[in-house]
Amino acid sequence: MTVLGWLQIAIILALVVAAAVPLGGYMARLYAGERTLLSSVLGPVERGLYRLAGTDPKVEQSALGYTLAMLAFNAAGVALLYGLLRLQGLLPFNPLGFGSLSPDLAFNTAVSFVTNTNWQSYGGETTMSLFSQMAGLTVQNFLSAATGLALAVALVRAFARSNASGVGNFFVDMTRSVLYVLLPLAIITGLAQVAMGVPQTLNASVTATTLEGAQQTIAMGPVASQMAIKQLGTNGGGFFNVNAAHPFENPTPFSNALEIWQMLVISMALVFAFGRLIGDRRQARALVGVIALILVAGIAIAYWAEAAGTPSLLAAGLDPTGGNMEGKEVRFGLAASAMFAAVTTGLSDGAVNAMHGSFTPLGGMVPMFLIQLGEILPGGVGSGLYGLLVMAVITVFVAGLMVGRTPEYLGKKIEAKEVKMAILAVLILPTAILGFSGVAAVLPDALAGLGNAGPHGLSEILYAYSSAAGNNGSAFGGLSANSPWWNTTLGLAMLLGRFAYIVPMMAIAGSLAAKPRLAASSGTFPTHGLLFVGLLTGVILILGGLQFFPALALGPLAEQVQMLAGKTF
Amino acid sequence: MSTHTPAKTGSPFASPELIGRAARDALVKLNPVSLMRNPVIFVTEVVAALVTVLFLRDFLVGNPLAFTGQIMAWLWFTVLFANFAEAIAEGRGRAQADSLRKARTDTVAHRLRNPSDRTSVERVSALDLKLGDHVLVEAGDIIPGDGEIILGIASVNEAAITGESAPVIRESGGDRSAVTGGTTVISDWIVVRITAAPGSSFLDRMIALVEGAERQKTPNELALTILLVGMTLIFLIAVISLAGLGRYSAADVPVPVLVALLVTLIPTTIGGLLSAIGIAGMDRLIRHNVLAMSGRAVEAAGDVDTLLLDKTGTITFGNRMASEIIPVPGVSEHEAALIAVQASLADETAEGRSILELAREKYGITSDAAAMAGASFVPFTAATRLSGVDVADRSIRKGAVDAVKRFVHSVDANASTGIAAFDAAVDKIARSGGTPLGLAENGRLLGVIHLKDVVKPDIKERFAELRRMGIRTVMVTGDNPVTAAAIASEAGVDDFIAEATPQDKLAYIRTEQRHGRLVAMCGDGTNDAPALAQADVGVAMQSGTQAAREAGNMVDLDSDPTKLIEIVGIGKQLLMTRGALTTFSIANDVAKYFAIIPALFIAAIPELGLLNVMGLHSPQSAILSAVIFNALIIIALIPLALRGVAYRAEAAGTVLARNLAIYGGGGVILPFIGIKLIDLAVAALGLA
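Parameters at a glance
Residues numbered from 1 in each chain as written. Chains lettered and ligands numbered in written order. Predicted model: local features only at pLDDT ≥ 70, side-chain atom pairs only at ≥ 80, totals over all residues. Heavy atoms only, no water. Core = buried A, V, L, I, M, F, W, Y, C linked by side-chain atoms within 4.5 Å. Buried < 20%, exposed > 50% of the residue type's maximum accessible area, 1.4 Å probe, protein only. Helix = DSSP H or I, 4+ residues; strand = E, 2+ residues; numbered from the N terminus. Contact = heavy atoms within 4.5 Å. UniProt positions renumbered as here; feature names shortened; annotations may be inferred. Buried area = accessible area lost by both parts, 1.4 Å probe. Salt bridge = Lys/Arg side-chain N within 4 Å of Asp/Glu carboxyl O. Polar contact = N/O pair within 3.5 Å; in protein donor to acceptor, adjacent residues only side chain to side chain.

1. Examining the nonpolar core
The biggest cluster of nonpolar side chains holds 322 residues, and the ones touching the most others in it are M27, I266 and Y409 of chain A. With 19 residues, the top contributor of residues to this core is helix α21 (residues 563-601) of chain B. Leave out the neighbours within four places in its chain, and I266 of chain A touches L23, M27, L149, V181, L182, L185, L232 and V381 of chain A. In this structure, I326, V331, I365 and A403 of chain B belong to the second largest nonpolar core, which totals 42 residues.

Written out as C-alpha cells, the structure reads:
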C-alpha cells in the first residue's frame, strides 16, 4: 500500500460526498414535490408526459397499489426485453448481423437488466446488436435504477408520514427519477466520458492496421451513453465483455475516478435526501457513518491483500512492491482496482475494472462478502437505502428492547408485522445464494461451467449466486455461465433477490405509513449517534458473517490459508 | 408502602420442592404439540429426535457410539433445560395460586329473597350465586363473591387477597363500596349486590393470572418469536447448504455434526428463556402486590411516556399541615400561636393536629387542656366554616378567611385593626399555593395560619429519574391553578391539571394519545373509570369501586398510587431482559463458529486449523464443547431471566451503552472462555 494509493481513494470519496450533499437536497425537494432547479425546463415535459399517460400526479397509491404498479411495470419490462432479444436478428441497427438470443440467455439477460443486476452471460461486442444495446439494455438501465429510487422514496415517505394511507405515486416517482435525476446526470457525465476518450458512434467497428501491418477489427458503438447510466444507475452491464477494464469503456485513471464517483454519487445523495425528507439529518449522517466504516474497511482489506501479493510468486523472485497485478490494468494499479472492486460490490453496480477472480483469495472475498451483506453500503440506487433501512429496523428491534421500550425507529414503533416482513426480506439472500450454491456444488451440469478446481471453483459458484441474488451482476471470472442451468438458476436468483425482497419491504412501508410518528424523548432509543453507528455496523457484519461464514470458510478462506501454505490447484 | 405478599418465599430462586416439581414438568413439556409454541426449542427437539434415530441405527449396525451418543444426550438436555426454565417460572406462580385458592373454599351465602328485606335470607352455596343477587354478610362471614355494598358499613379483612392483615373499612356509597369474594367481614354487617358470576371473580382471575393459565404471547414477545424463527430458518439454510458445499470440498459432514452446528447457532438461549422471562415479569408485579390483567399491560407500562398522578397521596401527604403563623401588627407570634393552640385543642382533623404540632416544635407551646377548664368547644360545620372555643368571655375562632372576618364584624361592626396586614398575609399565602386559615378572638383579628400541602420528601428525585427516562409526570388536582402551580413547581412535575374534573383527565389522556404518547394513570373512584379505561395503563386501587377496578388493566392491592412508578420500572425491566438475552444469544454465535467450523473441515483442508483460535483439543471435543456450552448457558441464565437485568432509571442512551457492553460484548467474549474451559474438561475426562 502506498500513500499515493490512499490519497487517490480519499480524494474520490471526498468528491463523492461533496457532490452527494447538494444532490441530496435537490432530490429531497424533487420527491417532496417542491420546485427544483430544473423545474422551469423539465416541468412542462413532465406534465406533458402525465397528460399523455393519463396519470393524475396528485393521486397517491397505497403501499400495495404502489407495489402492484411496480410489479406490473417491471413484468412488462421483462417481457418487452425478452421479445426484443429473441427477435434481435430481425431488428435494425445490427451492422455485424448478430442472430437472436437463445431462450435461456434471453430470459437471463432480460431479468438481469430489469432487476438492475446486469449479470452478463454473454460478451456484449460479440452478441448484442446496437439496437439491443440502445433500445433494450440502456432503456432498462434507466428504468431499473428509477424503480429502485421510487421504492426507496416510498419507504422513506412511510417513515416521514404519520397515520397516512398513501406512500406516493409510482409513475410520478419513476418519471421524476428519470427526468430530473438520471437523464441530466447521464448526459453531463456521458459527455465528460466522451471527452476522456470513450467512443459514442453508430459504427460497430473500426479497422486498424497494426505495427506488423496486419488488419485488426476493433469493436465500438454507442459506448458513452450506456457507460454513463450503467455507472450512475448502479447497473454495471458493460458494453464490452471485459466491462470497465476495456480501454473504450474506461480509458484513463481519470475516467476510472469518474466512474467510481458515478457509481457512488446517487446512492449517497439518496441517503442525504432521506435525512431531509424525514426532517432529521442526523439520522442520515449515522447511516453515512455505517456505510463509510464498512466500505473503507473493505477497500483497505482488498488493497492490503492485493498489495501483499502471493507468497509463491514472491518466492519465485517477483518484485514485492508490485503486489498482485494479475487481472488488473496497469493504468489503474492496485489502489484504484481495490477501490473499484469494493465500491462496485458495496453498491449493486457490478461493473469491474479488474478480474475479481484473479485477486488474492482474501482480496476477492471482500467484494463477495460485500455483496452478501446485502449491497447496502451504500448499495444500489434506491435498493441500497431500502436495504439499509430494513437492516436498521432489525437492529433497532434486536438491541432496542434493551432500553426497556417497544423499539422505535424514526418515531415509528417496530412491532410484529415489521419484524416479520424484515425477516422475510433478510431471508431471501441466504436462501438464494446458499440454496442454489449448495445444489450447484454437487451437480455435474453446474460444475461443468467452472474454470478452476478446488476452493477457487467453489468461490466461482458462490460469487455467481451472490452476484445474481444481490442484483450486483459482476462476475468472478472463470465461470462459463452461458448454459441452461446457470442462465435459468441465476435468472431465478436475480428475480428472488429483487422482487421477493421488495414485496415484504413495501409491506413494511405500508404498515409504517399507517402508524403515528412518535416524538422522541430521552427514553427513546437514539439512532443518530456513534453508538448506533457501531451497533448497526455490528449487526450487519455479524448477521452477514453468521450466514456466510461456513461457505466462505470452504471457498476464499480455505484458498487463502492454502495459498499461504504454498498449495496450488 | 406495604410489600407484604401472601406467597413471598424466602429464596429468590427456588426451593428444592420447586426444583423437583419443575424437573418433572420439564419432562412433561417434551410433548411436541405443546412445544410447538416455542419454535426454536421445537426445532431442537426435532433434530434431537433425528440424532436419536441415527444413534439407534449406529447401535444396530455396531458403529462407534460414544460421540453420537454424547451429542444426542446434550441435545436432549438443551430441550430439557429450556423446559425446566419455563417450569421454574411457572412453579413460582403456582405456589402463590395455591395460597389464593385456599380463600376460595366453598362458602355459604345468605341470599336475600328480597333486596330491601334484610330479615328474610336463604342459605345457598356461593357457587350458585348469580349476577345481581343480594347477599347479607355479617361479622365472621366470608364474602361469597365480588360485589358492591348497597347497604351498611363493615370492617373487612382482605388478607386473603392483599396479604395485609389490618382490616379496612368498606361502606355503601362513595369510593370504598367494592368488596372482593374470599375476604372476611370482621365487624358489623353489609348487604352486597353480586357483580361477578362464579368462576369469573377477581380471585378466579387472580389465580389464573399467577398460574399463567391465561398466558398469551404479548406483542413484543410475538415479534421477538418471529425474529427467532427467522434466525432459525437462516441457520437452517446455512447448515443444509453445507451438506452440498462440504461434499464439493471433499469434507462430507456427518449428520449429527451438522445438527450440532445447527443447534449451537440457532438462538436456543433466548428461545429457551423467553417464556420464563415473561412469566417472571408478571410474577415480579405480583410480588409488588400489583395484578396485571394481561401481559400486554405490563409491556405497555414499559412504553409509557406520560404519568398522570393524583396530587393527594402521591405527590403530597394526604393532608395540609400548618407551616407558619403570621400575626397582625400588635400581636406577637407567640401569642397568636398560643391562641391558635387553644382554638385547635378539640380539633381532631389532621389540620388541627398539625397546628398543635407546629406550636410545640416552633414556639415550645404544649397544649394544656387543664387551662381550658369550663370551655365549650365549637365544632366545624359546613355552614359556618369556623371552629373554635368559647371560654369565659373569650370567643376564639379559626376558619375560612371570609368566615373569620364575618365573625369579627358580627362582634364589633367597626373592627378594622390589622385588616390590611391580615389581607396582605392571606394574599401572600394564597400566592405561594398555601391555604390561609384566619384566626380571631372576639372582635379582633389575630393573624393567619399558613396551611400547606407538604410534598413527600423524596418525590422530586423520583420525578427527576422519570424525566431522565423520558417520562413526563403530570399532577392532577382539584386545587385552583395558583395553588396547583406552586405545588407543581415544588414537586418538580412537568405539567399539572388544576381544578381537574374526570372529564378533564379523560380529555388530557386523549390529547396525549393523539400525539402518539402512552399514558398511565391510577384511580379509585367510579368517576375515574372512563379515564382508567382510556389510559394505556390504568391502575385501579384495590380499595376503589368495582367500576374502577373493572376499567383499569391493573389492580394495586396495596392501593398505593406511588406504585405506578414501580410498575413502569418492572415493564421496562421485562423488555430489557428480553433484549439483553437476545443480544447475548446472537453474539454467542461468533465463538461457536470459531469452535465448530475448523473442526468440521480440518480433515479435508488441514490449513483451516488456523481458525482454531481457541486451540481446542480435537475436532470432536470442539464440537461437543460447543454443544455443552450451548446447553449449560440456558441453566446458567435462568436466575437472570427470573430476576431481570439490572435496572436503573437512566436515559436510553446510557442504558443502551451499558447493556450493549455487558450483553453484547460479554456475549462475544464469554463463550470463547466457556468453550475453552469445557474443552479442557472434555479432554481431561477423555470424552472426545
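2. Digging into the UniProt feature "binding site: Mg(2+)" (unreviewed entry) in chain B
All names here are of chain B. When the UniProt feature table is mapped onto this chain numbering, "binding site: Mg(2+)" (unreviewed entry) sits at D524 and D528. Here D524 is to be found in the loop between β18 (519-523) and α19 (529-534). Along the polypeptide, D528 turns up in the loop between β18 and α19. Overall, the relative accessible area of 7% leaves D528 in the buried class.

3. Some remarks on the interface of chain A and chain B
Between chain A and chain B, the residue contacts involve 58 residues of the former and 58 residues of the latter. Of all residues in chain A, M402, L546 and L554 of chain A give up the largest surface area on contact with chain B, accounting jointly for 16% of the area buried on that side. At the junction of chain A and chain B, the tally comes to 1 salt bridge. Between D305 of chain B and R405 of chain A there is a salt bridge, and its shortest N-O distance comes to 3.1 Å. Our count for the contact surface shared by chain A and chain B stands at 10 residue pairs in polar contact (both at pLDDT 80 or more). For the side of chain A that touches chain B, the secondary structure elements donating two or more residues are α14 (383-400), α15 (416-440), α17 (454-469) and α19 (530-564) of chain A. With 16 residues, the single largest contributor to the side of chain A that touches chain B is α19 of chain A.

4. Topic: unusual backbone geometry
Residue L377 of chain A is joined to P378 of chain A through a cis peptide bond whose omega torsion reads -5 degrees. Looking at the secondary structure, you find P378 of chain A in the loop between α13 (361-372) and α14. Even without being a glycine, N118 of chain A presents a positive backbone phi close to 65 degrees. Within the secondary structure, N118 of chain A sits in the loop between α4 (103-114) and α5 (124-127). Take N118 of chain A: its relative accessible area is 0%, and that puts it in the buried class. Although it is not a glycine, D188 of chain B adopts a positive phi angle of roughly 65 degrees. Checked against the element boundaries, D188 of chain B lands in strand β7 (residues 184-194).

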